[in-house]
Amino acid sequence: MALFNSIPNASKSLRVLAMLLGYPDAGLRAHLGDLRTALHEEHALPPQRLAELDALIATLERKAALEVEADYVELFDRGRATSLHLFEHVHGDSRDRGPAMIDLTKTYEQSGLFLAEGELPDFVPVVLEFASTLAPRQAREFLSEMAHIFNAIFAALQKRESPYAAVLGALLELAGEKASPVEVALDEPIDAVWQEPVVFDGCSSKGQARPDQPQPIHIVPRAARPAGSSSGAQQ
């Protein structure tokens, strides 16, 4: 009798990936070390993917807060190719997007999970939070249905040489798909990090304007407390 390869439990890893794709506010950055530990302890991802995620986490730890936040907004909120709203890639602004949202929301509700007012069901961190509540094989099958969209976002992030490509690469791995390796960026030389910018050499967008901070998204059971109870790590 042939033996089927077992699918590892990736519930913690999925929640970590959800958080890493969330807005990198002070709450998230305060728990980056815990997220790294959770990924390595669960062993749901191969060493290469863990190394790529370690590099992303190191980048978020190293950069200034305003720079990290501005980079996130520029990357995910100002372009359709890297949008973290799945149906943006499938339906765009067509009327089909509404029914698709309703169907996905019903999928969550059938499992006893409910979105707070104003939260969108196709936001990738929400999708991953839901997947983390499923049995390993169910989670993989659920994610595999969206793998073509994850792959499109992954390719766009790779093209932009963004360290966030590591998250989509890991997600494709958990969906049972294969993605190309992500180039692990090395730390900048210390001299470059501390080098003063040339005076009056033009304006930089890094750290000069604090973007409006979106409210975090949570999926919570109906009987649970109304905030923060669905995630395995604190916001």
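A few points on the structure. Since the structure is predicted, the reported quantities are computational estimates derived from the model, not experimental observations.

What follows is about the overall build of the protein. Scanning the protein from N- to C-terminus turns up 12 helices and 2 strands. The order of helices and strands in the protein, counted from the N terminus, is α-α-α-α-α-α-α-β-α-α-α-α-α-β. Surface accessibility of the protein: about 13500 Å² in total, with carbon and sulfur atoms responsible for 52%.

Moving on: the packing of helix α8 (residues 124-131) against helix α9 (residues 136-144). Between α8 and α9, whose axes approach to 9 Å, the crossing angle comes to 155 degrees. Between α8 and α9, the interaxial angle falls into the category roughly antiparallel. In this structure, α8 uses Val127, Leu128, Phe130 and Ala131 to contact α9, whose residues at the interface are Ala139, Phe142 and Leu143. Residue composition of the contact of α8 with α9, grouped by class: 7 nonpolar, no polar and no charged.

Quick look at the packing of helix α4 (residues 47-62) against helix α11 (residues 165-174) now. Look at α4 against α11: their axes get within 9 Å of each other, and the N-to-C directions meet at 150 degrees. By the angle between their directions, the pair α4 and α11 is classed as roughly antiparallel. Considering how the two elements wind past one another, α4 and α11 form a crossing that is left-handed. When α4 is examined against α11, the residues Arg49, Glu52, Leu53 and Leu56 are found in contact with a partner set consisting of Ala166, Val167, Gly169, Ala170 and Glu173.

Here we come to α8. With 8 of 8 residues buried, α8 lies mostly within the body of the structure. All buried positions along α8 are accounted for by Val124, Pro125, Val126, Val127, Leu128, Glu129, Phe130 and Ala131.

So, on to the pattern of salt bridges. Taken as a whole, this structure holds 9 salt bridges when the rule is applied. Glu52 serves as the salt-bridge partner of Arg49, at 2.8 Å between the closest nitrogen and oxygen. Of the two residues, Arg49 and Glu52 are both situated in helix α4; the distance of 3 residues between them amounts to about one turn of the helix. Considered together, Arg49 and Glu52 belong to a single accessibility category, that of buried residues. Put simply, Glu173 and Lys178 hold a salt bridge, and the shortest N to O gap is 3.2 Å. You can call Lys178 exposed: its relative accessible area is 70%. Through salt bridges with shared partners, a single network forms among Arg49, Glu52, Glu173 and Lys178.

So, how was this worked out
- Residues numbered from 1 in each chain as written.
- Predicted model: local features only at pLDDT ≥ 70, side-chain atom pairs only at ≥ 80, totals over all residues.
- Heavy atoms only, no water.
- Helix = DSSP H or I, 4+ residues; strand = E, 2+ residues; numbered from the N terminus.
- Areas by Shrake-Rupley, 256 points an atom, 1.4 Å probe, with all protein chains shown as cover.
- Axes fitted to C-alpha atoms, helices over the stretch in contact; angles between N-to-C directions.
- Parallel < 35°, antiparallel > 145°, perpendicular 65-115°, else oblique.
- Contact = heavy atoms within 4.5 Å.
- Nonpolar A, V, L, I, M, F, W, Y, C, P; charged D, E, K, R; others polar.
- Left-handed = near helix turned anticlockwise from the far one by under 90°.
- Buried < 20%, exposed > 50% of the residue type's maximum accessible area, 1.4 Å probe, protein only.
- Salt bridge = Lys/Arg side-chain N within 4 Å of Asp/Glu carboxyl O.

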